[in-house]
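Read off the chains here:
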Amino acid sequence: MNKKKLLDQIKASGVVGAGGAGFPTYKKLEASVDTLIANAAECEPLLYSDKDLIKKKSSELIEGMKLSIELVGAKKGIIAIKEKYEDLIQLLEKQLPGNIEIFLLPDAYPVGDEQVLVWEVLNRIVPEGGLPLEVGVVVQNVGTLFNVFNALKNNEPVISRFVTVLGEVEKPFVADVAIGTSISYLIDYAGGVRKALQDRFKILEGGPMTGKLVEDINQPITKTTSGIIVLPENHYIIHQLEARESLIIKKAQSYCCMCQSCTEVCPRYLIGHDMRPDVLMKSVSIFKRLDTTAYLCCECGLCEIYACPMDLSPRLVARQLKQKLLEAGIKNPHHSAPNRVHTIREFRQIPGNRLIMKANLRKYKVVPDSIKTKLSSSIIQILLQQHIGSPAKPVVKVNDKVTQGQVIAKMENDFLGADVHSSINGNVIEVTDKFIKIKK
Ligand code: SF4
Ligand code: SF4
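1. Some words on the sheet that holds strand β16 (residues 407-410)
Moving on, step 1. On the basis of which strands lie adjacent, the open sheet formed by three strands has the order β14-β16-β17 and antiparallel pairing. Looking at which strands have only one partner, the edges of the open sheet turn out to be β14 (393-394) and β17 (420-421).
Moving on, step 2. Bridge count between β16 and β17: two bridges; the pairing is antiparallel. Counterpart to Ala-409 in the pairing with β17 is Val-420.

2. A look at helix α3 (residues 49-72)
Moving on, step 1. With 24 residues, α3 should reach 34 Å at 1.5 Å per residue; the first-to-last C-alpha distance of 26 Å falls well below that figure.
Moving on, step 2. Of all the bends in α3, the greatest, near 95 degrees, is centred on Lys-57.
Moving on, step 3. Counting buried residues along α3, 17 of its 24 residues qualify, which places the element largely inside the surrounding structure.
Moving on, step 4. The first or second residue beyond α3 is Gly-73, which carries a positive phi of 70 degrees.

3. A word on the site of ligand 1
Moving on, step 1. Around ligand 1, the neighbouring residues are Cys-266, Pro-267, Pro-277, Cys-297, Cys-298, Glu-299, Cys-300, Gly-301, Cys-303 and Arg-315.
Moving on, step 2. Grouping the constituent residues of the shell around ligand 1 by class yields seven nonpolar, one polar and two charged.

4. Considerations on the environment of Asn-427
Moving on, step 1. Summarising the element assignment, Asn-427 is placed in strand β18 (residues 426-431).
Moving on, step 2. Judged by its relative accessible area of 32%, Asn-427 falls in the partly exposed class.
Moving on, step 3. Among all residues touching Asn-427, those that are not within four sequence positions of it are Asp-400, Lys-401, Lys-437, Ile-438 and Lys-439.

5. Remarks on the domain arrangement of the protein chain
Moving on, step 1. Split into domains, the protein chain comes out as domain 1 (3-153), domain 2 (160-231), domain 3 (241-359) and domain 4 (379-440).
Moving on, step 2. Placing a centre on the C-alpha atoms of domain 2 and another on those of domain 3 gives a separation of 28 Å.
Moving on, step 3. Taken together, the contacts link seven residues of domain 2 with nine residues of domain 3.
Moving on, step 4. Counting each side, the surface lost to burial between domain 2 and domain 3 is near 600 Å², with a carbon and sulfur contribution of 66%.
Moving on, step 5. Among the residues domain 2 hides against domain 3, the three largest losses belong to Met-209, Thr-210 and Leu-213. Together they make up 74% of the total.

6. Some words on the pairing of strand β19 (residues 435-439)
Moving on, step 1. Both strand β13 (residues 379-383) and β19 contribute to a ladder of five bridges, which runs antiparallel. Of the residues in β19, the one forming a bridge with Ile-380 is Ile-438.
Moving on, step 2. Bridge count for β18 against β19 is four bridges, and the pairing is antiparallel. By the bridge assignment, Asn-427 is partnered in β19 with Lys-439.
Moving on, step 3. Connecting β18 to the next strand, β19, in antiparallel fashion are three residues.

7. Focus: the pattern of salt bridges
Moving on, step 1. Evaluated as defined, the whole model comprises 23 salt bridges.
Moving on, step 2. For Lys-51, the salt bridge goes to Glu-42, with nearest N and O atoms at 3.1 Å.
Moving on, step 3. Two residues, Arg-315 and Glu-304, come together in a salt bridge whose shortest N-O distance is 2.9 Å. Of this pair, Arg-315 sits in helix α14 (residues 314-327) while Glu-304 sits in helix α13 (residues 302-307), and the two are eleven residues apart along the sequence. Neither residue differs from the other here; Arg-315 and Glu-304 are each classed as buried.

Each value, and the rule that gives it
- In this convention, every chain numbers its residues from 1, walking through the sequence in written order.
- Just so you know, chain letters begin at A and ligand numbers begin at 1, following the order they were written in.
- Under the rules for a predicted model, residues below a pLDDT of 70 receive no local features and side-chain atom pairs below 80 are neither given nor counted, while totals for whole chains, interfaces and linings still include all residues.
- As a rule here, side-chain values come from all non-hydrogen atoms in the structure, and water together with hydrogens is ignored.
- Two strands form a pair only when DSSP identifies at least two bridges running between them.
- Secondary structure elements are defined from DSSP: runs of H or I of at least 4 residues count as helices, runs of E of at least 2 residues count as strands, and each element is numbered from the N terminus.
- Between the first and last residue of a helix there are one fewer steps than residues, each counted as 1.5 Å, and that sum is the expected span.
- What the bend at a residue measures is the angle between two axes, fitted to the seven residues ending there and to the seven starting there.
- The rule is simple: take the accessible area with a 1.4 Å probe, protein chains only, and divide by the maximum for that residue type; under 20% is buried, over 50% is exposed, in between is partly exposed.
- Note on definitions. A residue lies near a molecule or strand when any single heavy atom of the residue is within 4 Å of it.
- Lys, Arg, Asp and Glu make up the charged group, whereas Ala, Val, Leu, Ile, Met, Phe, Trp, Tyr, Cys and Pro make up the nonpolar group; the residues left over, Gly among them, are polar.
- Note on definitions: a residue-residue contact is assigned when non-hydrogen atoms from the two residues lie within 4.5 Å.
- Domain segmentation is taken from an automatic or database assignment of domains.
- By buried area we mean how much accessible surface two parts lose on assembly, using a 1.4 Å probe and totalling the loss over both.
- When a carboxyl oxygen of Asp or Glu is within 4 Å of a side-chain nitrogen of Lys or Arg, the pair counts as a salt bridge.

This is the structure we're talking about:
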């Protein structure tokens, strides 16, 4: 096996982390580690995208895992999945080779966070601000492993992904969707927004805990879009996300009662990191400090959506502080490696159902219809940056005919990033430095 050649193939296929911020997979697989963990936790409440992928593509996922284990030279692979998904576990167990095993996770949030996952599965603590490879581990989302299989065995690039569409829609569903498909097409496919809501709704891209507000309903889905969730505009989660930036820190200064409830549930504090959201709030409100522990926050949202009795958001305070620290040229100075997790950790895990109740999401907890056909809108808009790194540069122009899987934008030189491919056959109708539009 020529590792460089295989990594080049993964790079040329545009594979990026499907479960997170889109870190280019070839770069992650350059590592040498002893264990590869397949992240099948899908711990965001409500989403079914990874579960549907496992149900439909389990053998490809395991093949992708075998290839990835070889690439990083690992001794074994572990599929980490919540113990409550018994049907999926049985399906996977039947196909496991000798060097892959299953680890059963509790139904807790955020058990799929990479650093929490590495502790749960291997009892290793990733250093503050560090990566799993520093403790001999690579973590890959199941969607990414499926894409690695397609890249190496079928020479197929990333042109679609599994997306869950639910919330205030008539017919929630989960399907394989062509990259670039518009959110409005997917909401129409779900029967539209429930009539009673009229136009008083907002849309989240991603899960309810970490998703982002959608500004434009014609926005396209990308290689990292796991869900589209429609919520009433007066839902608490929407209310928090719409809080004016200038008010977030002012509210912290006025209302934080230093009760520490946020810290008691903070997953990073509980694995021994120096992340104390109550102290962060004190730094900001009393001492007006640019507290660098903000860098240790994974923005899971538990402090805000689950814990705080005053409706404050240490998460958004941390996000603002990170921005200010970067602007001030201050890097993350924290990199200590705790040797044990907090003693209260095992009593502070937040069960998935409890979180759903607390976040007022019970109404939307349904098993969405699993659609068999691949969906795509008639016009697709493919973003040139769907990954960490630099944007890809267009290599097509208006009026060009393109075919499904053809490269339409490439990375320059050795910049970090991922090539971009057409997800349909069609004609290029617009090219900008941000996106390429193609009509079927
Ligand atoms: S969002 Fe809150 S609970 Fe989550 S890591 Fe950050 S401070 Fe901790
Ligand atoms: S839970 Fe809320 S009020 Fe309590 S310390 Fe944290 S931010 Fe302050």
